[in-house]
Amino acid sequence: MALISDGRFIDDVWRRLAEEEALPKSGKVIVSLARLDHAIEVHGPGVDLGVIAPNTTDPAALADALPKLGLVSIVFPAFADGRGFSLARLLRRAGFAGELRASGRLLADQYAHALGCGFDTVEIPDDIEARQDETQWRAARDAHARTYQRGYVAPGSILDARRKAAAQ
Amino acid sequence: MTAHDPSLARPNAPVTTYRYDAFDAAFVRERVAEFREQVRRRLEGKLTEDEFRPFRLMNGLYLQLHAYMLRVAIPYGTLTALQMRRLADIADKYDRGYGHFTTRQNLQYNWPKLVDTPDILEALAEVEMHAIQTSGNCIRNVTADHFSGVAPDEIEDPRPTAEFLRQWSSAHPEFSFLPRKFKIAVTGAAQDRAAIMVHDIGLAIVKNDAGEIGYKVVVGGGLGRSPFIGKVIRDFAPRADLLAYLEAIMRVYNRFGRRDNKYKARIKILVHEKGIDEVRAAVEAEFAAMDRSVFAYDPAEFDRIAAFFAPPPYETLPADSQKLRAARVEHPAFGNFVEVNVAPHKIPGYAVVTVSLKPIGGIPGDATSAQMRALAEASERFGFGELRVSHEQNIILPHVKQDDLFDLWKLLDAAGLATANAGLVSDIISCPGLDYCSLATARSIPIAQAISKRFSDLSRQRRIGKLGIKISGCINACGHHHVGAIGILGLEKKGQESYQITLGGDPTFSASIGEILGPGVTAEQAPDVIEHLVDFYLAERHEGETFIETWRRIGHARFKDVLRREGEDGADI
Ligand code: HEM
Ligand code: SF4
């Protein structure tokens, strides 16, 4: 597993709790969606909670939990399954301000798409990491310096740049 | 950059097509550089073939039966002479000296090499072209009426809208990994020449009672394995809402479109399974919930784009050209060409010319590099340097002076491009079929050629009148057979090619899916059967009735009888 943030491989400060593992007294832990309600109820003050959510999750079902969460990790079961991009947008729209993570099988070539839809970090399995190093992730991100869309997280919206230029 | 006057930016460039500004140019170059990197990483093994596939498809590159196939986008079908020449140069340098114009207003090269494709994309970028999103599960190249801007029945030129959509859909962060490909077509006229009813989203520019321009939005049309006519999801979306509304449709489709079966992953299946009312409710809810301020309609930007499509500097001419009249009488072959391939223009003294890429016995949609250059020259001499690709796989010269028609015809004739069959029975739409396509179950080009030869007599074709034959080599329906007045679908039955015939398809606002005539026929029988159907129509038609009108009037069963009678005559059909 590797975790990518801002174009670098970084250490993961979050720990994914196994299904049978008890909730610890402190630390940053990620629980399954099935366990989330219970974990919110019982977790102590020293614990930061995150959840791992399938890409079919209904954002409305997460709405109450979102303000209490430090991380949501949306699963990409296959890189060609783009549902996670829309779900990320909806969670951001619902006001989620914590770390939004893409996990599963995203490829470097989709990094800009992920960032654009509001993800902060991407977690990839070993086999993808072995073939796609940091430089490829950064290159793929930088290859999309310009976008035509507005309302997405992007460094250079062409439409905004045009407006600015026209106003000058 | 300032909001610029396109004619100042490039003195000799035509003023009737969109020109890239520095941002567009940089964007396309970024895509080329990205793809060059991806090809390198693929060749080095950093990307597996599975991982590489969606990225090569997003750049128009297929792996076909014999070779790679590159599909070049011709957004809304509009091309300049400069671009057409570049397409010819690429055909010579990287392919076998020809290209294939498709039903989606694209151009396909059948023989490029993988290692050459980044260079081809770069050569395209130099003339403001690309292959972005001509394939893959993303929003495909947006198509539009090929008579845009010149049709007398037009409410508004659809190309500024289509260009807006081209930009909005390019490398969209959220919608580049959809359940399936997604096709949008736009028309701005009273008559639909863009087949909007059989697209994932069809847009018709309309005017409401208050006189405001907006869009009728149709969703869930499509051909392929299960053909559907689209349904109206919104009667009127104001222009200011268009992008937000489309984004809402896309988000609903991305989340709820099926992904378990690629044949059921199209939005037409979502609309069919949930019903249009439920889909509409979901879309309207999303539309209401989204932050529409980011889509805040920028009239200045729309005007900037629309200005590129402003009419060229037409001359003031009499509506009727004496020169044309005389030439028609003197040269009957030219007269026939005018009668069949020339359509009215909204400006007096001008005409719209359809150049048929369907010579008798030829391969529908193919053009050699020499023909592409001849077309470029024709457009420069006689048409403000502008060309169009039609979804009927022909080339349109949209602004020809009636006075120039005869000289144009001579030029076309010398290049083998003057076949006077636009819209007639030999103007056949055909997909590549088994000759090129890895998905094909039967040949389609040879069937088209055989039928075309059977009806080689052009005067007989004129007597028959407008009649669209459309052929696909498999159920994917790239040749639009479902919406052909006569549709032909190639199938494989027990190791034999068999052709299923449908009648009564219609791609316009009155869209309908063709009905199956009966059991399939063999390749050898196909021209006979078509001929008998046509003869039956000629015998039955009322004065001025088209094939489909007659079929609608007298009913499918009578046409079926034609086939049945033949079977009884001993033919094994
Ligand atoms: C040679 C390689 C080609 C391949 C592999 C290919 C593949 C496909 C596939 C798989 C579909 C079915 C899509 C679906 O229903 O979900 C399809 C549909 C279609 N293709 Fe192609 N195609 C090829 C060439 C062409 C050409 C040359 C044209 C134009 C002449 C074309 C235009 C279309 C159109 C218009 C449809 C119907 C789309 C609809 O459902 O509305 N394709 N193609
Ligand atoms: S209809 Fe079938 S055979 Fe023809 S191009 Fe499409 S996929 Fe290939």
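Residues numbered from 1 in each chain as written. Chains lettered and ligands numbered in written order. Predicted model: local features only at pLDDT ≥ 70, side-chain atom pairs only at ≥ 80, totals over all residues. Heavy atoms only, no water.

Observations regarding the overall build of chain A
Step number 1: If you tally the helices and strands in chain A, you get 7 helices and 10 strands.
Step number 2: By the compact-globule yardstick of 15 Å for 168 residues, chain A fits well, its C-alpha radius of gyration being 17 Å.
Step number 3: Taking the principal axes of its C-alpha atoms as reference, chain A extends roughly 55 × 35 × 25 Å.
Step number 4: Residues classed as buried in chain A amount to 51% of the 168 residues present.
Step number 5: Counted over contacts in chain A with a minimum sequence separation of 6, partners at least 24 positions apart contribute 50%.
Step number 6: Accessible surface, chain A as shown: approximately 7300 Å² in total, 53% of it carbon and sulfur. (Helix = DSSP H or I, 4+ residues; strand = E, 2+ residues; numbered from the N terminus. Rg over C-alpha atoms; globule rule 2.2 N^0.38 Å. Buried < 20%, exposed > 50% of the residue type's maximum accessible area, 1.4 Å probe, protein only. Contact = heavy atoms within 4.5 Å. Areas by Shrake-Rupley, 256 points an atom, 1.4 Å probe, with all protein chains shown as cover.)

Some details on the overall build of chain B
Step number 1: A count of helical and extended segments in chain B gives 19 helices and 20 strands.
Step number 2: Computed over its C-alpha atoms, the radius of gyration of chain B comes to 23 Å, within 12% of the 25 Å expected for a compact globule of 573 residues.
Step number 3: A principal-axis box enclosing the C-alpha atoms of chain B has dimensions of 65 × 60 × 55 Å.
Step number 4: The burial tally for chain B puts 64% of its 573 residues in the buried class.
Step number 5: Of all intrachain contacts in chain B linking residues separated by at least 6 positions in sequence, the fraction that spans at least 24 positions is 68%.
Step number 6: Within the structure as shown, chain B displays about 20700 Å² of accessible surface, and the carbon and sulfur contribution to it stands at 52%.
Step number 7: Distance between charge centres in chain B, computed from 70 positive and 75 negative side chains, equals 3 Å. (Lys, Arg positive; Asp, Glu negative; His and termini not counted. Charge placed at Lys NZ, Arg CZ, Asp CG, Glu CD.)

A closer look at the sheet that holds strand 7 (residues 184–187) of chain B
Step number 1: As summarised here, the arrangement of the 5 strands in space is 6-7-8-9-10 (chain B), forming an open sheet in which the pairing is mixed. Of all strands in the sheet, those bounded by a partner on one side alone are strand 6 (143–144) and strand 10 (231–238) of chain B. (Pairing = 2+ DSSP bridges.)

Describing the site of ligand 2
Step number 1: Every residue lining ligand 2 is accounted for by Cys431(B), Pro432(B), Gly433(B), Cys437(B), Leu439(B), Ala440(B), Ser472(B), Gly473(B), Cys474(B), Asn476(B), Ala477(B) and Cys478(B).
Step number 2: When grouped by side-chain class, the residues that make up the shell around ligand 2 number 8 nonpolar, 4 polar and no charged. (Near = heavy atom within 4 Å. Nonpolar A, V, L, I, M, F, W, Y, C, P; charged D, E, K, R; others polar.)

A closer look at the site of ligand 1
Residues and elements named next belong to chain B.
Step number 1: Taken together, 24 residues are adjacent to ligand 1, and Thr103, Arg180, Leu223, Arg266 and Cys478 come closest.
Step number 2: Within the backbone of Leu223, an N or O atom sits 2.9 Å from an oxygen atom of ligand 1.
Step number 3: Arg266 places a polar side-chain atom, nitrogen or oxygen, 2.9 Å from an oxygen atom of ligand 1.
Step number 4: Residue composition of the shell around ligand 1, by class: 9 nonpolar, 9 polar and 6 charged. (Polar contact = N/O pair within 3.5 Å; in protein donor to acceptor, adjacent residues only side chain to side chain.)

Quick notes on the packing of aromatic side chains
Step number 1: Inspection of every chain in the model, using the stated rule, returns 23 aromatic pairs over all chains.
Step number 2: Linked through ring pairs, Phe76(A), Phe85(A), Phe119(A), Phe55(B) and Phe177(B) together constitute an aromatic cluster.
Step number 3: Cation over ring: Arg96(B) sits above Trp111(B), and NZ or CZ is 3.6 Å from the ring centre.
Step number 4: Its end group placed over the ring of Phe287(B), Arg292(B) keeps NZ or CZ at 4.1 Å from the ring centre. (Phe/Tyr/Trp six-rings, centres within 6.5 Å; stacked < 30°, edge-to-face > 60°. Lys NZ or Arg CZ within 6 Å of the ring centre and 35° of its normal.)

So, the sheet that holds strand 5 (residues 46–53) of chain A
Residues and elements named next belong to chain A.
Step number 1: One open sheet accounts for 8 strands, arranged 2-1-8-7-6-5-4-3; its pairing is mixed. Every other strand in the sheet has two partners, leaving strand 2 (8–10) and strand 3 (15–16) as the edge strands with one partner each.
Step number 2: When strand 1 (residues 2–5) meets strand 2, the two strands line up antiparallel, connected through 3 bridges. Note on strand 2: the bridge partner recorded for Ser5 is Arg8.
Step number 3: Of the strands in this sheet, strand 1, strand 2 and strand 8 (121–124) touch helix 6 (residues 134–142), which is tilted by about 130° from strand 2. (Axes fitted to C-alpha atoms, helices over the stretch in contact; angles between N-to-C directions.)

Structural notes on the coordination of the iron atom of ligand 1
Step number 1: Just one protein atom coordinates the iron atom of ligand 1, and that atom is Cys478(B) (SG), at 2.0 Å.
Step number 2: Positionally, Cys478(B) belongs in the loop between strand 17 (469–472) and strand 18 (486–493). (Donors = N, O, S within 2.8 Å, 3.2 Å for Na, K, Ca; no water.)

Looking at the interface of chain A and chain B
How big an interface is tends to be stated in terms of the accessible area lost upon association of its parts.
Step number 1: Each side of the interface is counted separately: chain A has 40 residues, and chain B has 47 residues.
Step number 2: Ranking the residues of chain A by area buried against chain B places Arg146(A), Tyr148(A) and Arg162(A) at the top, with a combined share of 18%.
Step number 3: In this assembly, chain A and chain B are joined by 11 salt bridges.
Step number 4: Between Glu30(B) and Arg146(A) there is a salt bridge, and its shortest N-O distance comes to 2.4 Å.
Step number 5: For the pair chain A and chain B, the number of links is 28 residue pairs in polar contact (both at pLDDT 80 or more).
Step number 6: Residue assignment for the side of chain A that touches chain B shows that the elements contributing at least two residues are helix 3 (83–93), helix 4 (111–116), helix 5 (126–131) and helix 7 (158–167) of chain A.
Step number 7: Here the residues of the side of chain A that touches chain B sort into 17 nonpolar, 11 polar and 12 charged. (Buried area = accessible area lost by both parts, 1.4 Å probe. Salt bridge = Lys/Arg side-chain N within 4 Å of Asp/Glu carboxyl O.)

Concerning the side chain of Ser32(A)
Step number 1: Positionally, Ser32(A) belongs in strand 4 (residues 26–32).
Step number 2: The buried category is assigned to Ser32(A), whose relative accessible area is 15%.

Details of helix 18 (residues 547–554) of chain B
Residue and element names in this part refer to chain B.
Step number 1: Three or more residues of helix 18 are buried, namely Phe547, Ile548, Thr550, Trp551 and Ile554. The buried residues of helix 18 occupy an angular sector of 160° when projected down its axis, which confines them to one face.
Step number 2: One or two steps after helix 18, the chain reaches Gly555, where phi turns positive at roughly 95°. (Arc of directions from axis to C-beta.)

Thoughts on the pairing of strand 7 of chain B
Residue and element names in this part refer to chain B.
Step number 1: Side chains Ile184 and Val186 project from strand 7 onto one buried face, and the interleaved Ala185 and Thr187 project onto a second face that is buried too.
Step number 2: Bridge count for strand 6 against strand 7 is 2 bridges, and the pairing is parallel. Residue pairing in the sheet places Thr143 in a bridge with Ala185 of strand 7.
Step number 3: The parallel pair strand 6 and strand 7, bridged by helix 6 (residues 159–169), forms a crossover whose chirality is left-handed. (Right-handed = clockwise from strand over helix to strand, strands pointing away.)

Observations regarding the pattern of salt bridges
Oppositely charged side chains may form a pair once their charged atoms are brought near each other.
Step number 1: Evaluation of the coordinates by the stated rule reveals 70 salt bridges over all chains.
Step number 2: Ionic contacts of the salt-bridge type, sharing partners, join the residues Arg162(A), Asp21(B), Asp24(B), Glu163(B), Arg166(B), Glu301(B) and Arg304(B) into one network.

Topic: the confidence of the model for chain B
A low pLDDT means the predicted coordinates there should not be read in detail.
All names here are of chain B.
Step number 1: Residues at a pLDDT of 70 or more form 96% of chain B, whose mean pLDDT is 93.
Step number 2: Counting contacts from residues 1–13, a segment whose pLDDT is below 50, to residues more than four positions away or on other chains yields 13 contacts.
Step number 3: Under a pLDDT of 50 for its full length, residues 569–573 has, in the predicted model, 9 contacts with residues more than four places off or in other chains.
Step number 4: Across the interface, the model reports ipTM at 0.96; the global pTM reads 0.94. (pLDDT = per-residue confidence, 0-100.)

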